[in-house]
Amino acid sequence: MNHPQTTAVQFSKIKHLDSIAKYGCCAMVALWCIGIEPDNDIETIKILNDAIENGALDKDCVVNWDAFLNFVTGKHFDVEFKNISSIKSISRRTPVRYDYNGCSHWVGVENGQIKYNSLVNSVCVTKGKPVTARIILLNGKQI
């Protein structure tokens, strides 16, 4: 054991933990795509909780792209929505949504492969298909 009581104190301060656990994948992938990769999961969860508290994410973690990315970086981004059927041609870090049986899950894709997944296992990814991507632009250039 490390310091479970200290970890419990950190978790006790996270007001929106249930929402982040259920719906935080898109926001977590957005962080990864812009290069924000905290050293531990608690820090990632705290960033999302703070974003909800400050109105940069809604209470169900729906990402308002510019507001959320501005909240975590202080910069303004443009985001293009793109329908896709394959991840093979995606070279830069890109949020991609997989759909399966009425459910969805966001993952981070780079060089035609899933490089970041906030879940250990996602049925949407293993049984579903990629359907949409978000192209994140800073000053008109894809990040």
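Here the structure is a predicted model, which means the values were calculated and not measured. Numbering of residues starts from 1 in every chain and runs along the sequence as written. Residues qualify for local features only when their pLDDT is at least 70, as the model is predicted, and side-chain atom pairs are given and counted only at 80 or more; totals for whole chains, interfaces and linings, by contrast, use all residues. Each side-chain value is derived from all of the structure's non-hydrogen atoms; neither hydrogens nor water enter the calculation.

As a further point, take the packing of helix α1 (residues 4-12) against helix α4 (residues 41-53). Lines fitted to C-alpha atoms define the axes here, with helix axes fitted over just the stretch in contact, and angles between the N-to-C directions of these axes take values from 0 to 180 degrees. The numbering of helices and of strands both runs from the N terminus, where a helix is a DSSP run of H or I of at least 4 residues and a strand a run of E of at least 2. Direction vectors running N to C along α1 and α4 enclose 15°, while the axes themselves pass 10 Å from each other. Here α1 is positioned roughly parallel relative to α4, judged by the angle of their axes. The element α1 and its partner α4 pack so that their crossing is left-handed. Between α1, through T7, Q10 and F11, and α4, the contact on the second element is made entirely by I42, I45 and K46. In the scheme used here, Gly and all other residues not listed as nonpolar or charged are polar, with Ala, Val, Leu, Ile, Met, Phe, Trp, Tyr, Cys and Pro taken as nonpolar and Asp, Glu, Lys and Arg as charged. Here the contact of α1 with α4 is built from residues that sort into 3 nonpolar, 2 polar and 1 charged. Angle categories are assigned with fixed cut-offs, so that under 35 degrees is roughly parallel, over 145 is roughly antiparallel, 65 to 115 is roughly perpendicular, and the rest are oblique. Handedness of each helix crossing follows the sense of rotation of the near helix against the far helix: counterclockwise by less than a right angle gives left-handed, clockwise gives right-handed. In what follows, residue pairs with any heavy atoms lying within 4.5 Å of each other are defined as contacts.

In this model, the largest pocket occupies a volume close to 760 Å³. Listing elements by their share of the lining of the largest pocket, those giving two or more residues are α2 (17-23), α3 (25-33), α4, β3 (103-110) and α6 (123-127). Class assignment for the residues of the lining of the largest pocket results in 22 nonpolar, 9 polar and 6 charged. Lining residues are defined by having an atom within 4 Å of a point belonging to a cavity or pocket. Those points lie on a 1 Å grid over the protein atoms alone, cavities being sets where a 1.4 Å probe fits but cannot get out and pockets being open sets with protein on both sides within 12 Å along at least five of seven lines. Grid points are joined across faces, edges and corners, and a volume is the space filled by probe spheres set on the points.

Now for α4. Between its terminal C-alpha atoms α4 stretches 18 Å, which fits the 18 Å expected from 13 residues at 1.5 Å a residue. With a 1.4 Å probe rolled over the protein chains alone, any residue whose accessible area is under 20% of its type maximum counts as buried; one over 50% counts as exposed, and the rest are partly exposed. Every buried residue of α4 is listed here: I42, T44, I45, L48, N49, A51 and I52. Check the buried side of α4 and you find it contacts α1, α2, α3 and α5 (65-73). With a side-chain oxygen lying 3.1 Å from the backbone nitrogen of I42, the N-terminal cap of α4 falls on N40. In a helix, the anticipated span is given by 1.5 Å times the number of residues less one. For the purposes of these results, a polar contact is taken to be a pair of N or O atoms within 3.5 Å, where, inside protein, one atom must be able to donate a hydrogen and its partner to accept one; residues adjacent in sequence count only when each atom of the pair is a side-chain atom.

To continue, consider unusual backbone geometry. Backbone geometry places C61, a non-glycine residue, at a positive phi of 65°. Among the secondary structure elements, C61 is positioned in the loop between α4 and α5. The exposure class of C61 is buried, given its relative accessible area of 2%. Here N139, not a glycine, exhibits a phi torsion of approximately 55°, which is positive. Tracing the chain through its elements places N139 in the loop between β5 (129-138) and β6 (141-142).

Just geometry here; none of it tells us what the structure is for.
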